[in-house]
Structures are given as structure tokens and as C-alpha cells.
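# Architecture at a glance
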Amino acid sequence: MAETLPEPPVAPPGPDLERLRAHLDRELPGTVAGPLRAELIEGGRSNLSYRLTDGATVWVLRRPPLGHVLATAHDMGREYRVMTALRDTGVPVPATVHLDPGTEVLGAPWYLMAYVPGTVHREADALAALGERRVRGIGEVLVDTLAALHRIDPAAVGLADFGRPEGYLERQLRRWSAQLDASRCRGLPGIDRLHQLLAATRPDSPAPALVHGDYRLDNVLVAERDGRDAVVAVLDWEMSTLGDPLTDVGLLVMYTELAGVGGGLIPSAATAPGFPRSAELVARYAESTGRDAAALDWYVAFACYKLAVVAEGIHYRYRQGRTLGAGFERAATMAPLLVEHGLTTLKGH
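These numbers were taken from a predicted model, which means no experiment stands behind them. (Residues numbered from 1 in each chain as written. Predicted model: local features only at pLDDT ≥ 70, side-chain atom pairs only at ≥ 80, totals over all residues. Heavy atoms only, no water.)

### Here we look at the pattern of salt bridges
In this structure the tally under the stated criterion is 16 salt bridges. For the salt bridge of Glu-170 with Arg-174, the shortest nitrogen-to-oxygen distance reads 3.5 Å. Pair noted here: Glu-170 and Arg-174 are both in helix α5 (residues 168–183), with a separation of 4 residues, about one helical turn. Given a relative accessible area of 49%, Arg-174 falls into the partly exposed group. When salt bridges with common partners are traced through the structure, they connect Arg-136, Glu-140, Asp-144, Glu-280 and Arg-284 into a single cluster. (Salt bridge = Lys/Arg side-chain N within 4 Å of Asp/Glu carboxyl O. Helix = DSSP H or I, 4+ residues; strand = E, 2+ residues; numbered from the N terminus. Buried < 20%, exposed > 50% of the residue type's maximum accessible area, 1.4 Å probe, protein only.)

### Description of the nonpolar core
If you look at the biggest cluster of nonpolar residues, it comprises 83 residues, and the most contacted ones within it are Leu-86, Leu-198, Trp-237, Met-254 and Leu-338. Ranked by residues supplied to this core, first place goes to helix α10 (residues 297–319) with 12 residues. When near neighbours in sequence (up to four residues on either side) are disregarded, Leu-198 contacts Leu-173, Trp-298, Ala-301, Phe-302, Tyr-305 and Leu-346. Of all hydrophobic cores here, the second largest spans 16 residues; its members include Val-32, Leu-40, Leu-48 and Leu-112. (Core = buried A, V, L, I, M, F, W, Y, C linked by side-chain atoms within 4.5 Å. Contact = heavy atoms within 4.5 Å.)

### Digging into the packing of aromatic side chains
Counted by the stated rule, this structure contains 3 aromatic pairs. Pairing Tyr-80 with Tyr-111 gives two aromatic rings, centres 5.7 Å apart and planes at 70 degrees, and the pair type is edge-to-face. In this pair, Tyr-80 is assigned in helix α2 (residues 76–85) and Tyr-111 in strand β5 (residues 110–114), connecting sequence segments 31 residues apart. In terms of burial, Tyr-80 and Tyr-111 fall into one category: buried. Pairwise contacts between aromatic rings join Trp-298, Tyr-299 and Phe-302 into one cluster. Positioned above the aromatic ring of Tyr-115 is the side chain of Arg-51, whose terminal nitrogen or guanidinium carbon lies 5.5 Å from the ring centre. One residue, Arg-78, lies across the ring of Phe-162, its end atom 4.1 Å from the ring centre. (Phe/Tyr/Trp six-rings, centres within 6.5 Å; stacked < 30°, edge-to-face > 60°. Lys NZ or Arg CZ within 6 Å of the ring centre and 35° of its normal.)

### Quick word on helix α1 (residues 17–27)
For α1, every residue scored as buried is listed here: Leu-17, Leu-20, His-23 and Leu-24. Down the axis of α1, the buried set is contained in an arc of 125 degrees. They therefore lie on one face. Pointing more than 90 degrees away from the buried face of α1 are the exposed residues Glu-18 and Arg-26. Packing partners of the buried residues in α1 comprise β1 (37–40), β2 (48–53), β3 (58–63), β4 (96–100) and β5. Of the residues that open α1, the one with a side-chain oxygen 3.2 Å from the backbone nitrogen of Glu-18 is Asp-16. (Arc of directions from axis to C-beta. Polar contact = N/O pair within 3.5 Å; in protein donor to acceptor, adjacent residues only side chain to side chain.)

### Side note on the environment of Gly-77
On the secondary structure map, Gly-77 appears in helix α2. For Gly-77, a relative accessible area of 31% translates into the label partly exposed. In the structure, Gly-77 is positioned 32 residues away from Pro-109 in sequence and 7.9 Å away in space, judged by C-alpha atoms.

### Comments concerning the packing of helix α7 (residues 246–257) against helix α9 (residues 278–289)
As a packed pair, α7 and α9 sit with axes 9 Å apart at the nearest point and diverge in direction by 155 degrees. Of the possible angle classes, the one that applies to α7 and α9 is roughly antiparallel. Of the two possible hands of crossing, α7 and α9 adopt the one that is right-handed. For the pair formed by α7 and α9, the contact residues are Leu-246, Val-249, Leu-252, Val-253, Thr-256 and Glu-257 on the first element and Ser-278, Leu-281, Val-282 and Tyr-285 on the second. Residue classes in the contact of α7 with α9 are distributed as 7 nonpolar, 2 polar and 1 charged. (Axes fitted to C-alpha atoms, helices over the stretch in contact; angles between N-to-C directions. Parallel < 35°, antiparallel > 145°, perpendicular 65-115°, else oblique. Left-handed = near helix turned anticlockwise from the far one by under 90°. Nonpolar A, V, L, I, M, F, W, Y, C, P; charged D, E, K, R; others polar.)

### A look at unusual backbone geometry
Its identity as a non-glycine residue notwithstanding, Asp-226 has a phi of 55 degrees, on the positive side. Tracing the backbone shows Asp-226 in the loop between β7 (220–225) and β8 (228–234). Residue classification places Asp-226 among the exposed residues on the basis of a relative accessible area of 82%.

### Focus: the confidence of the model for the protein
Overall, the prediction assigns the protein a mean pLDDT of 88, with 86% of residues at 70 or greater. With pLDDT under 50 throughout, residues 1–11 is counted as low confidence; its partners more than four residues away or in other chains account for 9 contacts. Counting contacts from residues 68–73, a segment whose pLDDT is below 50, to residues more than four positions away or on other chains yields 16 contacts. (pLDDT = per-residue confidence, 0-100.)

### Regarding the side chain of Ser-278
Note on placement: Ser-278 falls in helix α9. With relative accessibility at 18%, the residue Ser-278 sits in the buried group.

### Brief notes about the sheet that holds β3
With antiparallel pairing, 5 strands are arranged side by side in an open sheet as β1-β2-β3-β5-β4. Edge positions in the open sheet fall to β1 and β4, since each of these has one partner strand only. Taken pair by pair, the neighbouring strands of this sheet meet at an average axis angle of 25 degrees, ignoring direction. Pairing analysis gives 6 bridges linking β2 to β3, with the strands arranged antiparallel. Within the sheet, the bridge partner assigned to Thr-53 lies in β3 and is Val-58. Strands in contact with α2 are β3, β4 and β5; relative to β4, the strand with the most contacts, it is inclined by about 155 degrees. (Pairing = 2+ DSSP bridges.)

Here's what the structure looks like:
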């Protein structure tokens, strides 16, 4: 009877495991101990993340989406650089392992980082099961970690040239308008009006800081440390730069105010009993940083505009059949909800 051979490793679309293994053996000899296996980590809607293992070690591989990659978006080198720079600070990040800025191995730039065990909290029911005291603590440590990021001196960690804070908000509006134009595949009532209002009411920025660009509860990993819930890794740094720190605060407020909207289009975790309300998060941030964060309407509306553009890009890729994982079909209904909230927020301006 013929011997049954084991099936070769199966890879989801994205990483070519044979090329990947050959590259790692050449660049990091001795790192990979056995055949590589990869599985897509569900939940991301922009860059793709894969759990990669050789049977002995687990890593996370990050690469851009498989199609319709917009200029300036999905910057692997940017993510890798900022996480490497933050390694020894009070902001927890996964350890970086290897960056490949070329396209020969996977058809796009990619990098490896350490796998960090932890929980991504997206749904209210799962978070509420922890009890109100722990839920409140997780909300507080979420904003405390953001405050720690904004207190870092970029020059002290080698990031003095990581962005141009002068004119940051004006450039952001231009950038996201250009991204929208590159992803237009349908009419979206109100989004151009929202852009016009944002441009007309743009505030003066406070002192600049290192900005994450997409800071929210489901972009961090939470785990117990010394009997308390802690943020053990901040993820998804593709939009990070030097700029106006209140854009991060406005985004966090927007995700809190719209939690669970659209039947789960926006994660519902912030609706769990005990999670701090947006005013509490802002007050805690202001106390921790000494920054005036009272007038946030513009920043919340800008967060709505930015996320609406992201949603349109996702919808564009979905219509092309270039998305991996579940849930992308819902992106079509996300942008109108965000535009409406942004316009409502700016109504008094």
C-alpha cells in the first residue's frame, strides 16, 4: 500500500509561502525552523494581516490589500519604522522582525512582526461579560495609552522627520479628498458638502505630536497584566505621522458616539455597560496631557469624513472582488451614516 504523504502547506491569497521561506532563509538564516503555514487574521478592512508559523514560532505578516492600493496609503515602511522607534517607550507595540520594501517576494512591500497574545474587543456582548468595572478600566487604559503616545518627544525616538506638522490639517483635507476621488464609484450625497464645511471651519492646531491616525479600541490588543487589563499592543500604524493630536481624540470620540451604528458596521464594544462616555474620555485625556481638548466638533466631523473615504475605498475594492474575509459587503452602507453624523456635528458652524 502506498504511503500517504502529508498535504503541503496551504496559503490564503496574498503570501507565496515558498518565496517567503526562501527570502527569510536568505535574509534571516536560521529563523524559520519548518514549513510555513499562514492564515488570514479576520477583522482588518485595510492592510492584510496573516498569522504565520513554522510550528515553533508565530509571527504576524502585514501586506497591503490585493487591489486598488491608493498612493500614500498602506505604507508598510511607515508602520515598520514607527513601531521600531516606539519599542522602548511606554507605548506598547509588537517587536518588529523584518521589512521587505520590494515587490519580488509577495508582489508588494511587507513586513514581519512578533505575534502578541491578546484580545481585540469589537462586540459589546463579549466586552460586557467582563463586568462593568473591568469594562471601565479598559476604556480608561485605552485613553491613557493614547495620552502616552502624544507625550512622546518624536526627536527622542528618532522620528523628528516623520512628518510635517505645519499645515497638517490643510494637507489632510486635500489628501482625503484626493483619496475619495480615486475611489468614487457611485454618488454619495453630502460628502462634498462635508468637505467644504471642514475646509471653511478648519481650526488652528495645537502643539504637534506623534499621531496614530486610526486609534480605537479594536486597533489595540488587551490582556491581563499583574491582575489588571492592559493595552499590550497598539496595532495598525499605517496612517501615523507628526501632526495634530486632536485628530486622534476626535476619532476616538466618533467611534464611541457611533458604536454599534448600522447593525455593527462600527464595532459596538463601546456600548458595553461601564465603558466611559466620550466626555469622560476627553476629560481624562486632557488631564493626562494638559492639552485643551474641549472644542472637538471639527475633529469629530473630520473623523467622519476620513472614515467615510476609507469605507468608499473598501467598497470600491469589494466591487472589484479584491477583498479577503467577511463583512466587506457592508461597507456600502457605512459612508452615508458617517457623512450624516459629520454634517450633524458641524451644524452649528
